[in-house]
Amino acid sequence: MWEIDELDLDAYLERIRHSWVTPSADGLRSLHRAHVLAIPFENLDVVLGTHPGIGLDAIQAKLVRRQRGGYCYEHALLFGAALERLGFQVERRVARVQPHKSGPRTHALLKVGVDGQEFLADVGFGAGQLYPTPLKDGVVVDQGGWDHRLTVDGDVWTLSKRTPDGWIPQHASNDEPVRPIDYEVYHHYVSTHPDSPFTGRPVVMRVADGVIRRLIGDELTTEYADGRSTHRVVPAEELPAALATLDVHLSDEEVDRLRLL
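Residues numbered from 1 in each chain as written. Predicted model: local features only at pLDDT ≥ 70, side-chain atom pairs only at ≥ 80, totals over all residues. Heavy atoms only, no water.

Describe the overall build of the chain, and please don't skip the residues or the numbers.
A tally of helices and strands in the chain yields eight helices and 13 strands. Considering only C-alpha atoms, the chain reaches an extent of 50 × 45 × 35 Å along its principal axes. The burial tally for the chain puts 52% of its 261 residues in the buried class. A separation threshold of at least 6 residues defines the contact pool for the chain, and within that pool the share at least 24 residues apart is 53%. With an accessible surface of roughly 11,900 Å², the chain has 48% of that area assigned to carbon and sulfur atoms. Side-chain charges in the chain split into 28 positive and 39 negative, and the spacing between the mean points of these groups amounts to 3 Å. (Helix = DSSP H or I, 4+ residues; strand = E, 2+ residues; numbered from the N terminus. Buried < 20%, exposed > 50% of the residue type's maximum accessible area, 1.4 Å probe, protein only. Contact = heavy atoms within 4.5 Å. Areas by Shrake-Rupley, 256 points an atom, 1.4 Å probe, with all protein chains shown as cover. Lys, Arg positive; Asp, Glu negative; His and termini not counted. Charge placed at Lys NZ, Arg CZ, Asp CG, Glu CD.)

Following this line, the structure appears as structure tokens:
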């Protein structure tokens with residue numbers, strides 16, 4: 001159903017610079033971190049109107065062979081296929097973003113079973129999760145310097161981030177089954193609707209230990225785990241260099257079109 005046999009697993013592992021592993025909690029943690037560090041979160045094909053879709057062939061052509069990034073559906077489907085091919089138990093999920101507000105139920109993530117444990121694997125939530133989160137009520141995971149907590153109410157698991165203003169919900173999910181057509185519907189909304197946060201301006205995000213970098217529109221923000229941050233507007237002529245620092249490389253034609261947005 002999820003086309004996992006179409007994945008070139010060796011090419012994917014080379015892309016994230018990781019060796020083959022046998023299923024284990026440590027292996028999941030290592031793969032999750034490697035994926036997030038190697039493959040950017042970005043929506044540039046959406047804003048350029050050239051998104052190839054979320055079939056696994058299109059995803060690996062873009063994220064693996066072209067070494068581009070993508071957003072949650074691309075990340076989750078690619079990572080989920082790799083995990084299944086390696087022998088992990090994988091379930092696709094959908095989460096409601098900012099559940100304490102009016103956020104849509106459009107975020108793709110995974111539930112992964114291994115070593116008698118279950119984890120949320122969330123490689124495509126912007127600049128958020130370096131590591132999988134054990135599916136346990138109240139668990140707190142240090143995500144590169146930013147604490148995230150998972151809590152459960154009934155069958156709904158809410159992931160929150162610690163901020164100076166307290167714990168802020170990031171998304172909420174449950175075990176409702178997801179089919180490929182569901183992701184296609186959500187992807188269509190997120191990639192085309194004028195109210196989507198990804199259709200009107202470039203969004204590129206990177207997370208590493210102690211630092212988060214975001215390009216939103218023409219504003220580049222660097223946030224540090226110790227509370228420091230910097231902000232600057234990126235002039236049009238500096239756009240290719242700014243994207244390169246975020247591990248995104250576009251053709252000259254793509255850059256020219258992006259500058260016109």
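Moving on from the coordinates now.
Can you tell me about the pairing of strand 4 (residues 117-121), naming the residues and giving the values?
Within a regular beta strand, the side chains point alternately toward one face of the sheet and then the other, so they alternate between its two faces. As paired elements, strand 3 (residues 105-114) and strand 4 share five bridges and run antiparallel to each other. Across the sheet, V114 pairs through a bridge with Q117, a residue of strand 4. Counting the residues between successive antiparallel strands, the hairpin from strand 3 to strand 4 contains two residues, one of them, D115, with a positive phi of roughly 55°. As defined by bridge partners, strand 4 adjoins strand 5 (residues 133-134) across two bridges and the pair is classed as antiparallel. Bridged to L120 within strand 5 is T133. (Pairing = 2+ DSSP bridges.)

What is shown is where atoms sit, not what they do.
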